[in-house]
Amino acid sequence: MFGAVSAIAALLGAAGPAHAGAQLRDLTCAEASTTAVAKQPWSPGRSPYGLPYEDWTADDFAKLKVRIRECGGDPAYIGYQQQLQARTRPSDSARLAANFAAELGTVSKDPTLALQQFDDLSRQVKASSMDLGDKASIGARIANQRRGEVLRKASEDRARAEVDAEPHLRALIDEVEATPATAAGRRQLVQLGSGNRYQLPELTFQQQNRYEGAIGRRIQQIDGELTLAKCAPLVARMGLPTTMARHEVVDQLGTPMNLVVCQSYVATGHGEFRPMGTAGAGIYAVRSGQTTLVFQLGRYVKDTGAFFPPSAPIQRGTPAFRFEGVRDGSQTQPASRGFLINFLAQYTGPWTEFLRAAD
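Residues numbered from 1 in each chain as written. Predicted model: local features only at pLDDT ≥ 70, side-chain atom pairs only at ≥ 80, totals over all residues. Heavy atoms only, no water.

Undergrad: What is the right way to read the overall build of the protein from this model?
TA: Secondary structure assignment for the protein yields 13 helices and eight strands. Whereas a compact globule of 359 residues would reach a radius of gyration of roughly 21 Å, the protein reaches 46 Å, over 25% beyond that. Taken over the C-alpha atoms alone, the protein extends approximately 130 × 45 × 30 Å along its principal axes. Counting all 359 residues of the protein, 35% fall into the buried class. By sequence separation, contacts in the protein at least 24 residues apart represent 55% of the contacts at least 6 residues apart. As displayed, the protein offers around 20100 Å² of accessible surface, 54% of which is attributable to carbon and sulfur atoms. (Helix = DSSP H or I, 4+ residues; strand = E, 2+ residues; numbered from the N terminus. Rg over C-alpha atoms; globule rule 2.2 N^0.38 Å. Buried < 20%, exposed > 50% of the residue type's maximum accessible area, 1.4 Å probe, protein only. Contact = heavy atoms within 4.5 Å. Areas by Shrake-Rupley, 256 points an atom, 1.4 Å probe, with all protein chains shown as cover.)

Take a look at the structure:
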């Protein structure tokens, strides 16, 4: 009997699914018996009676049931298999959802075209006959992918705009850096940096920040130049050599020595600069009111913070002064870290008035 079942299965399979379904009612009673039916491969990917499991329709099951009854059998087992197959068969809504999901995987890599495709798919999903749940699921996937594409397009647009605007930004920064170190030039830059005038629409947010930063840096540079010019006559009278005037004081956050001398004179009427000790030792004193500040001349490496006095065998870096302490009689008393900054901070009032009066 097994040979007969195999033969009919082969015959039906060779005839194709549609023809196989039509021949189900022509099965012999041996082929439609309970044993023969149970031996058929009722599972996905197999072909009971030569008809692919997934292709079995309600009509195919009905035909087989009729033939089983005609042969005196009970079609209950076929009814059970029909229920199982119905559970594994994707619904029309699920098939549509699968098709839409496949289309999502073919969306263009071009952001502009992709956004149009997402919008078209969204309209098709809304107009489809899918269940509400499948519509919501596919709709959410489209929305998420579209949102990512919008962000990607915005990023590409910003990058392109930044490249296009870079020459213009460079020209603006060059113009700022060329601003004369005068009071008029300073006022011009202050006006440019106020009221968000630097926020030009053709510049990206990052470029606007760079433009603002260039304005701020040039204002600081001009402030330094104007201050040095105001202090120059006073510093010359206090004995500070021109060659040492711009040497920075390491402990004063890079402030040049001429400003230390100038602030001392403006606030106290004293700011004398003079050498101390043996020639070549590089020790200098600045009289600031009733206090004498002591400094060591040397070379400073900003990257490492290393300081080399004139006696050091290694000499590298830029010329600078290091604060050594306060003179007490014939001795120099070391001062705590930050002493010089706090000491000169007491001159803020007179110093500010001096700078304002000189404008």
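Having seen the model, we can carry on.
Undergrad: Is there a simple way to think about the confidence of the model for the protein in this case?
TA: Low pLDDT marks stretches whose predicted atomic positions should not be read closely. The share of residues in the protein with pLDDT of 70 or more is 93%, and the mean pLDDT across the chain is 85. For the stretch residues 1-18, pLDDT sits under 50, and the model shows 21 contacts to residues farther than four places along the chain or on other chains. (pLDDT = per-residue confidence, 0-100.)

Undergrad: Sorry if this is basic, but what is going on with helix α8 (residues 132-177) here?
TA: Because each turn of an α-helix spans 3.6 residues, side chains separated by three or four positions end up pointing in the same direction. With 46 residues, α8 extends 63 Å from end C-alpha to end C-alpha; this agrees with the ideal 68 Å at 1.5 Å per step. For α8, the principal kink sits at Glu166 and spans about 45°; a proline, Pro167, occurs within the next four residues. Those residues of α8 that are buried lie in contact with α6 (92-104), α7 (111-127), α9 (183-193) and α10 (205-237). (Expected span 1.5 Å × (residues − 1). Bend = angle between axes of the 7 residues up to and from the residue.)

Undergrad: Looking at this model, I keep getting lost on the packing of aromatic side chains. Mind explaining?
TA: Two measures describe an aromatic ring pair: the distance that separates the ring centres and the angle between the ring planes. Per the counting criterion, the structure on display carries 13 aromatic pairs. Taking the centre distance of 6.2 Å and the plane angle of 25° together, the rings of Trp42 and Phe61 count as stacked. You can see Trp42 sitting in the loop between α3 (34-39) and α4 (58-70) and its partner Phe61 sitting in helix α4, a full 19 residues away along the chain. One exposure class covers both Trp42 and Phe61, and it is buried. When the centroid spacing of 4.9 Å and the interplanar angle of 45° are considered together, the rings of Trp56 and Phe61 count as tilted. (Phe/Tyr/Trp six-rings, centres within 6.5 Å; stacked < 30°, edge-to-face > 60°.)

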